[in-house]
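What the coordinates show
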Amino acid sequence: MRWDDLQLLRSIDEIEQHGGRVLKGYWLFGELTRPNESLADKEMELFARELYLAGQAGYLTWTDSSSRYTVTFDPVRDSNMWLQTIDDIELTLKGRDRARGRVVLMEPPDPDEDDNRLITGLTMEEIARSIGDTYTAAQLPRYLRESGISEEFVPEAVTGDKLTYVLDILESLHNGGSAARRMLRGFIGGWLSGRYHTPPPEALQRRITSLLAQQGWYVRDGRLVVGERSPLEPDAMSPLGREAYLAALHADIREAIGRFVDEHLDVAIFEAFKLVGNRVKQMTGLDRDGSSLMDAALNISNPKIVFADLGTTTGKDIQRGLYFMFKGAVLGIRNPDAHEQFQPLREEEGLELLAFASMLMRKLDAATVREES
């Protein structure tokens, strides 16, 4: 008997269309050879080889359960055992098209608008985070479809966190063909231009636009197009980028540093971390300061401020990690400024320290305070 990938793909497609599943490669071999059960082992080798090649060509996916064995099985030399370790065989979209004789024509690229350069993951992550924060999980699929993203790229429901859901869709479009990238460029350009329901906050819109310009992407007629990159000077931050950075800080941090941040960044940092300490005091009622305060408020064995479920290993790890972050902020950042002269520092380093203080404040926002026994 002669095996080929088209025969295998059509057989699997027929099984799937009737609501079935291919549980194992060995089971599939048995189904296809049932009329002639006397086939020799050589036929199994040829079958396994074609199945393997179809997988390598991107027509099939499967789960490899060979990890429960102490050896790795070769699809040709150990075809019997290899077929028994291949579970949940499924057609890919490409494999289904081939099985049904469909030819997919790729749309031509846009050489004047897209030279296949990257849109960085950091940029897409910021876009995804903003969109995920704006809409509920139930609203996201509808919003993305109504904003021009084809249904084939938009899962019907958000199964994990909203950031990952949106980011996965953006990455699928980014790594797709010309049509998918055109869709992505239209979506990002329209989102930045305020075409789709709710535009991004002004500060974030300026930040994303600045990041894209550094990569050589610009908004024209509501879509992204390529152009000359406009990188910032090393170790320098544009006023636009600085403004967006400060605007993203925790509201209480922004208020505390407002009158210092432009001319006395070192003082602003001291005030920010002093605010963190005062917030811990206010939440716990403890009459302590510095390292002693963090020990009493956030200790591992009996904390007053709880960041996670202490009944689980993960929760205990989170509590321990944040305890050391808060205590480290006091010992390594606030105390030196309180007892010594302020040390000169680059603006980028100063803004990063402010962002760290902002993160600690947000962790306190989400924490719970234990009642006294």
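Details of the structure are given in the entry above.
In this text, all values refer to a predicted model and were calculated from it rather than measured experimentally.

**Re the packing of aromatic side chains**
For any pair of aromatic rings, the description rests on two quantities: the centre-to-centre distance and the angle between the ring planes. All chains considered together, the criterion is met by nine aromatic pairs. When the centroid spacing of 5.9 Å and the interplanar angle of 10° are considered together, the rings of Phe 187 and Tyr 196 count as stacked. In terms of burial, Phe 187 and Tyr 196 fall into one category: buried. Measuring from ring centre to ring centre gives 5.7 Å for Phe 307 and Phe 326, while their planes differ by 20°; the resulting arrangement is stacked. Taken together, the residues Phe 307 in the loop between β6 (305-306) and α15 (313-339) and Phe 326 in helix α15 connect sequence positions 19 residues apart. Relative accessible area serves as the criterion here: at 1%, Phe 326 is assigned to the buried category. Aromatic rings pair up to connect Tyr 135, Tyr 143, Phe 187 and Tyr 196 into one cluster.

**Considering helix α13 (residues 265-284)**
The end-to-end C-alpha separation of α13 is 29 Å, in line with the 28 Å expected for 20 residues at 1.5 Å each. Where α13 terminates, the next one or two residues include Gly 285, which has phi positive at roughly 75°.

**Points about the nonpolar core**
Nonpolar side chains tend toward joint burial in soluble globular proteins. With 37 residues, the main nonpolar core has Phe 326 and Leu 354 as its most contacted residues. Those elements giving two or more residues to this core turn out to be α12 (251-257), α13, α14 (290-298), α15 and α16 (347-366). Looking at which element gives the most residues to this core, the answer is α13, with nine residues. Those residues in contact with Leu 354 that sit more than four places away from it in its chain are Leu 246, Leu 249, Ile 257, Val 261, Leu 265, Ala 268, Ile 269 and Ala 272. The next biggest cluster of nonpolar side chains, apart from the first, holds 33 residues, and it includes Tyr 135, Leu 140, Met 183 and Phe 187.

**Quick look at the pairing of strand β4 (residues 217-220)**
The pairing of β4 with strand β5 (residues 223-226) spans four bridges and is antiparallel. Residue pairing in the sheet places Tyr 218 in a bridge with Val 225 of β5. Once β4 ends, the chain turns through two residues before running back antiparallel as β5, passing Asp 221 with a positive phi of about 55°.

**So, the sheet that holds strand β1 (residues 22-24)**
By way of backbone hydrogen bonds, the strands of a sheet pair with one another, either parallel or antiparallel. If you walk across this open sheet you meet the three strands as β1-β3-β2, and the pairing is antiparallel. Whereas interior strands pair on both sides, the edge strands pair on one side only; in this sheet they are β1 and β2 (60-64). Averaged over all pairs of adjacent strands, the angle between strand axes in this sheet comes to 20°, irrespective of strand direction. Sheet topology note: the β2/strand β3 (residues 86-91) ladder contains four bridges and is antiparallel. Looking across to β3, one finds that Thr 63 is bridged to Asp 87. On top of the sheet, helix α1 (residues 5-17) reaches β1, β2 and β3; it is set at about 90° to β3, its chief contact. Contacting β1 and β3, helix α2 (residues 25-32) runs over the sheet at an angle of about 115° to β1.

**Things to note about the pattern of salt bridges**
Taken as a whole and judged by the stated rule, the model has 19 salt bridges. When the shortest N-O distance is used, the salt bridge between Arg 185 and Glu 113 registers 3.3 Å. With a gap of 72 residues between them, Arg 185 in helix α9 (residues 178-192) and Glu 113 in the loop between α5 (93-99) and α6 (121-134) connect regions that are remote in the sequence. The exposure classification of Arg 185 matches that of Glu 113, with both residues buried. One salt bridge in this structure joins Arg 207 and Glu 126, with 2.9 Å as the shortest N-O distance. Separated by 81 residues along the polypeptide, Arg 207 in helix α10 (residues 202-215) and Glu 126 in helix α6 bring together distant segments of the chain.

**Quick word on the packing of α1 against α2**
Taken N-terminus to C-terminus, the directions of α1 and α2 make an angle of 95°; their axes are 12 Å apart at the nearest point. Between α1 and α2, the angle is such that the two are roughly perpendicular. Of the residues in α2, those touching α1 at Leu 8, Ser 11, Ile 12 and Ile 15 are Trp 27, Leu 28 and Leu 32. The residue makeup of the contact of α1 with α2, split by class, is six nonpolar, one polar and no charged.

Conventions used here
Residues numbered from 1 in each chain as written. Predicted model: local features only at pLDDT ≥ 70, side-chain atom pairs only at ≥ 80, totals over all residues. Heavy atoms only, no water. Phe/Tyr/Trp six-rings, centres within 6.5 Å; stacked < 30°, edge-to-face > 60°. Buried < 20%, exposed > 50% of the residue type's maximum accessible area, 1.4 Å probe, protein only. Helix = DSSP H or I, 4+ residues; strand = E, 2+ residues; numbered from the N terminus. Expected span 1.5 Å × (residues − 1). Core = buried A, V, L, I, M, F, W, Y, C linked by side-chain atoms within 4.5 Å. Contact = heavy atoms within 4.5 Å. Pairing = 2+ DSSP bridges. Axes fitted to C-alpha atoms, helices over the stretch in contact; angles between N-to-C directions. Salt bridge = Lys/Arg side-chain N within 4 Å of Asp/Glu carboxyl O. Parallel < 35°, antiparallel > 145°, perpendicular 65-115°, else oblique. Nonpolar A, V, L, I, M, F, W, Y, C, P; charged D, E, K, R; others polar.

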